[in-house]
Amino acid sequence: MSDITDYWSSPPDRTVHGGFGRCDITILLPPFDVDARSLPANDPSRARELVRSFGTVEEVVEELGARGANEVPYPVERTDLDVVLAGAWGNVLGISDPALADDGNDEPLRREVDGLRRRFTDARIFGRVAFDCGDSHTEDLVSLPDGTLFHASGWPGTEPWEVTGDPHEVAAALGITRGMLADAEVDLAAEPEEVEWGAFVSLALGNADPWPWAESRIGAFRVRHTEAYTRRMEELFLPHV
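Note that the structure is predicted; figures quoted are calculated from it, not measured. (Residues numbered from 1 in each chain as written. Predicted model: local features only at pLDDT ≥ 70, side-chain atom pairs only at ≥ 80, totals over all residues. Heavy atoms only, no water.)

### Side note on the overall build of the protein chain
For step 1, the next point in the chain: Check the secondary structure of the protein chain and you find six helices and nine strands.
For step 2, the next point in the chain: Its C-alpha radius of gyration of 17 Å places the protein chain within 12% of the 18 Å reference for a compact globule of 241 residues.
For step 3, the next point in the chain: Once the C-alpha set of the protein chain is aligned to its principal axes, its extents read approximately 50 × 40 × 30 Å.
For step 4, the next point in the chain: Burial statistics for the protein chain: of 241 residues in total, 51% are counted as buried.
For step 5, the next point in the chain: The long-range share in the protein chain, meaning contacts at least 24 apart out of those at least 6 apart in sequence, stands at 74%.
For step 6, the next point in the chain: When the accessible surface of the protein chain is totalled, it reaches about 10,900 Å², and 47% of it is carbon and sulfur.
For step 7, the next point in the chain: Averaged over its 21 positive side-chain charges, the protein chain has a centre that lies 6 Å from the centre of its 45 negative ones. (Helix = DSSP H or I, 4+ residues; strand = E, 2+ residues; numbered from the N terminus. Rg over C-alpha atoms; globule rule 2.2 N^0.38 Å. Buried < 20%, exposed > 50% of the residue type's maximum accessible area, 1.4 Å probe, protein only. Contact = heavy atoms within 4.5 Å. Areas by Shrake-Rupley, 256 points an atom, 1.4 Å probe, with all protein chains shown as cover. Lys, Arg positive; Asp, Glu negative; His and termini not counted. Charge placed at Lys NZ, Arg CZ, Asp CG, Glu CD.)

### Quick notes on unusual backbone geometry
It is generally the case that most residues other than glycine have a negative phi and that most peptide bonds are trans.
For step 1, the next point in the chain: Cis peptide bonds are those with omega within 30 degrees of zero, and the linkage from P30 to P31 qualifies with -5°.
For step 2, the next point in the chain: Along the chain, P31 turns up in the loop between strand 1 (19-28) and helix 1 (44-52).
For step 3, the next point in the chain: Phi at E107 is positive, roughly 50°, even though this residue is not glycine.
For step 4, the next point in the chain: For E107, the position within the fold is in the loop between strand 4 (92-96) and helix 2 (108-119).
For step 5, the next point in the chain: The phi dihedral of E185 is positive, around 60°, even though this residue is not glycine.
For step 6, the next point in the chain: Structurally, the position occupied by E185 is in the loop between helix 4 (178-183) and helix 5 (197-205).

### Here's the deal with the environment of G90
For step 1, the next point in the chain: Examined against the element boundaries, G90 turns out to sit in the loop between strand 3 (83-89) and strand 4.
For step 2, the next point in the chain: According to the relative accessible area criterion, G90 is partly exposed, its value standing at 30%.
For step 3, the next point in the chain: For the pair formed by G90 and L29, sequence separation is 61 residues and the distance between their alpha carbons is 8.8 Å.

### Thoughts on the packing of aromatic side chains
For step 1, the next point in the chain: Summed over all chains, the structure comprises four aromatic pairs.
For step 2, the next point in the chain: Considering the side-chain rings of F131 and F237, the 5.2 Å spacing of their centres and the 80° angle between planes classify their relative orientation as edge-to-face. Residue F131 is located in strand 5 (residues 124-132), and its partner F237 is located in helix 6 (residues 227-237); the two are separated by 106 residues in the primary sequence.
For step 3, the next point in the chain: For F131, a relative accessible area of 1% gives the class buried.
For step 4, the next point in the chain: Exposure remark for F237: the relative accessible area of 0% places this residue in the buried category.
For step 5, the next point in the chain: Taking the centre distance of 4.6 Å and the plane angle of 40° together, the rings of F150 and W197 count as tilted. Pair noted here: F150 is in strand 7 (residues 149-154) and W197 is in helix 5, with a separation of 47 residues, a long-range link.
For step 6, the next point in the chain: Of the residues examined, W197 reaches a relative accessible area of 5% and is grouped as buried.
For step 7, the next point in the chain: Taken together, F150, W197 and F200 form an aromatic cluster joined through their ring pairs.
For step 8, the next point in the chain: The cationic tip of R124 hangs over the ring face of F32; the distance from NZ or CZ to the ring centre is 4.0 Å. (Phe/Tyr/Trp six-rings, centres within 6.5 Å; stacked < 30°, edge-to-face > 60°. Lys NZ or Arg CZ within 6 Å of the ring centre and 35° of its normal.)

So, in structure tokens, the structure goes:
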């Protein structure tokens, strides 16, 4: 086994400060009419390749077995930050990685989705990240094959926000109606800091969302993150006090 602590300055049992509600990206390949509850079984080889080729990861060190996609671990110790989840269910790919957490200074979700867009040119790509460090910072994104994009990053309830693209264009492209928005309690007319952007991305992903379901079995992998991402996680989760 490789020494995965190369880039860390903190010991494996150091307690994590803060955590994440979700740090997931979902890649939906054609055809787009998918119900996650009837997806084929996870392909472990494709899931491993997704992790190995992901921009935050330098090396897959160990396979930790399968779990439900809804069992994203809340990090307790530093070593938990080395665990990435990934699944490949036919034309749906998903990855959850704590390295996607951010405090508004780096926007890793946007950067990694940009890389995935170049690889999966015909895919719809969805990302949802919520990092809790006392206050919550969120980053949410929808990227469609025709170039339609929506991205929001900020602290809910607080200005300023980084907003790119038009969520109304995303809603129109995906057939999201006013009634559907109202049912999800998403008000696109509100100020950006008042909108539940994660709920909007969930609505955009619709029935294809694999993450709520224990039936969507997913692989867990211990990885060595890149040096840059390791340093970012150390700043976020393991601040010097």
